[in-house]
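The primary structure of each chain is shown beneath.
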Amino acid sequence: MKQTIRELLARHGGLSMAASELRDDSDLYKAGLSSFASVQIMLAIEEAFDIEFPDALLNRRSFQSIDSIALAVESITGSAAAA
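Keep in mind the model is a prediction, meaning the values are calculated, not measured. (Residues numbered from 1 in each chain as written. Predicted model: local features only at pLDDT ≥ 70, side-chain atom pairs only at ≥ 80, totals over all residues. Heavy atoms only, no water.)

## Description of the environment of Phe-36
With respect to the element layout, Phe-36 can be found in helix H2 (residues 35-49). Phe-36 sits 31 residues away from Ile-5 along the chain, and the two C-alpha atoms are 17 Å apart. (Helix = DSSP H or I, 4+ residues; strand = E, 2+ residues; numbered from the N terminus.)

## Some points on the packing of helix H1 (residues 2-12) against helix H3 (residues 66-77)
Direction vectors running N to C along H1 and H3 enclose 120 degrees, while the axes themselves pass 10 Å from each other. Comparing the axis directions of H1 and H3 gives the class oblique. H3 is crossed by H1, and the crossing has right-handed handedness. Residues Lys-2, Ile-5, Arg-6 and Leu-9 of H1 lie in contact with H3, whose contacting residues are Ile-66, Asp-67, Ile-69 and Ala-70. Per-class residue counts for the contact of H1 with H3 are five nonpolar, no polar and three charged. (Axes fitted to C-alpha atoms, helices over the stretch in contact; angles between N-to-C directions. Parallel < 35°, antiparallel > 145°, perpendicular 65-115°, else oblique. Left-handed = near helix turned anticlockwise from the far one by under 90°. Contact = heavy atoms within 4.5 Å. Nonpolar A, V, L, I, M, F, W, Y, C, P; charged D, E, K, R; others polar.)

## Examining the packing of aromatic side chains
Within this structure, the stated rule accounts for one aromatic pair. Taking the centre distance of 5.3 Å and the plane angle of 40 degrees together, the rings of Phe-53 and Phe-63 count as tilted. Of the two residues, Phe-53 sits in the loop between H2 and H3 while Phe-63 sits in the loop between H2 and H3, which places them ten residues apart along the sequence. Take Phe-53 and Phe-63: they sit in the same class, and that class is buried. Lying over the aromatic face of Tyr-29, Arg-60 brings its terminal NZ or CZ to 3.8 Å of the ring centre. (Phe/Tyr/Trp six-rings, centres within 6.5 Å; stacked < 30°, edge-to-face > 60°. Buried < 20%, exposed > 50% of the residue type's maximum accessible area, 1.4 Å probe, protein only. Lys NZ or Arg CZ within 6 Å of the ring centre and 35° of its normal.)

## Describing unusual backbone geometry
Positive phi values are uncommon outside glycine, yet Asp-50 reaches one of about 55 degrees. With a relative accessible area of 72%, Asp-50 lands in the exposed category.

If you want it as structure tokens, here you go:
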């Protein structure tokens, strides 16, 4: 899952550094993620994992890091497969 998130960040995140260089707990906003890009990431994640983010998870904290995105996806899918 985290590899897919990393690939989506590389494609849609507009980050100032390569997504492959980020740690799972790196602050994506400090790495250049904008509000617009976070929406693009959300849409890409919804499509990739066939999910829909509930309103409660539509916040900056959910997209703060690769770890937090994976946690949000896991909470939606009920899966703990963060490989």
